[in-house]
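# Secondary and tertiary structure notes
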Amino acid sequence: MTRSTHTLILDQGPLDVTVDLHGRQGRPFLLLHGGGGPQTVAPFAGLLAEQRQARVFSPVHPGFDGTARPGWLTDVTTLAQVYAQLLDAFDLRDVAVVGNSIGGWIAAELATLGSDRISSVTLVNAVGIHVPGHPIADTFGLTPVELSRLSFHDPSKFRFDPSALSEAQRAVMATNRATLQVYSGPHAMADPTLAERLAKVAHPTLVAWGASDQVVDADYGRAYAQAVPGAEFRLLPGTGHMPQSETPGQLLPVVWDFADAHATSRPRP
């Protein structure tokens, strides 16, 4: 894995975006992390690059892991515009976009922009829409242990001891949570306008969902798929809110096969 920082110039001003890259050749993937930070997707990015012919670009959302977030960057819609420009800056084409949780929301917003650089979109236990009767769990008031119980099919495999963290790690976690609250906006981790805008998405879209997710349940995921014309829905058994962490071996062929089926070109050998 290599990490680099790139300066983008947007209408609002300059922005430094840190990007982790796994793999040096093959199909380009844009992998967008959730509220737990880039470490929640890094092992999966490495696995994808090792087991398939893939280059996986995984940006650190500005404000996470000690990166700077300018005052004008406060919502997911603008963050999606940032990543659309990032694809332009890298001159990437035939990109498979994959996002988990709030990263899935960003991926959905990116899909609404209609970039011709994108060949497919996979939303993994995404948030971002309102589904009556299926609220998104309010995770900000939960302890790490409580959040783990909602997030994993088998929380015992992901035991977390906050007392083992260093002061620096505690500071990063606190900053990440504060950044997530900014991006989540005033509507409980959703945008009331998104579902309507998803009706215009033309990219092939897959909604993949951990069946044991108690942060956003499977019926929420089905409603997400119904909002996107022609979208497929895939239920993933024995896994929760972060399949890329809990059951990466199950998620990997789902992500790869969908991206490969909708690619407009073949990766070079």
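The structure under discussion appears in the preceding block.
Here's what I pulled together on the structure shown here. (Residues numbered from 1 in each chain as written. Predicted model: local features only at pLDDT ≥ 70, side-chain atom pairs only at ≥ 80, totals over all residues. Heavy atoms only, no water.)

### Some words on the packing of aromatic side chains
- One pass over the structure, following the stated rule, counts five aromatic pairs.
- Here the aromatic rings of F57 and F90 are separated by 5.4 Å at their centres, their planes lie at 40 degrees, and the arrangement is tilted. Taken together, the residues F57 in strand β4 (residues 54-60) and F90 in helix α2 (residues 76-90) connect sequence positions 33 residues apart.
- Classification of F57 as buried rests on a relative accessible area of 7%.
- A relative accessible area of 23% means that F90 is categorised as partly exposed.
- For the pair F152 and F158, a centre-to-centre distance of 4.0 Å together with 5 degrees between the ring planes defines the contact as stacked. (Phe/Tyr/Trp six-rings, centres within 6.5 Å; stacked < 30°, edge-to-face > 60°. Helix = DSSP H or I, 4+ residues; strand = E, 2+ residues; numbered from the N terminus. Buried < 20%, exposed > 50% of the residue type's maximum accessible area, 1.4 Å probe, protein only.)

### A short note on the pairing of strand β6 (residues 118-124)
- For β6, the buried fraction is high: seven of the seven residues fall into the buried class.
- Crossover connection from strand β5 (residues 95-100) via helix α3 (residues 102-112) to parallel β6: handedness right-handed. (Right-handed = clockwise from strand over helix to strand, strands pointing away.)

### Observations concerning the sheet that holds β4
- As summarised here, the arrangement of the eight strands in space is β1-β2-β4-β3-β5-β6-β7-β8, forming an open sheet in which the pairing is mixed. Only two strands of the sheet have a single neighbouring strand rather than two, namely β1 (2-10) and β8 (232-236). Neighbour-to-neighbour, the strand axes of this sheet turn through a mean angle of 25 degrees, independent of strand direction.
- The sheet contact formed by strand β3 (residues 27-32) and β5 spans four bridges and is parallel. Of the residues in β5, the one forming a bridge with L31 is V98.
- Sitting on the sheet, helix α1 (residues 42-51) is in contact with β2 (13-22), β3 and β4, with an inclination near 165 degrees to β4. (Pairing = 2+ DSSP bridges. Axes fitted to C-alpha atoms, helices over the stretch in contact; angles between N-to-C directions. Contact = heavy atoms within 4.5 Å.)

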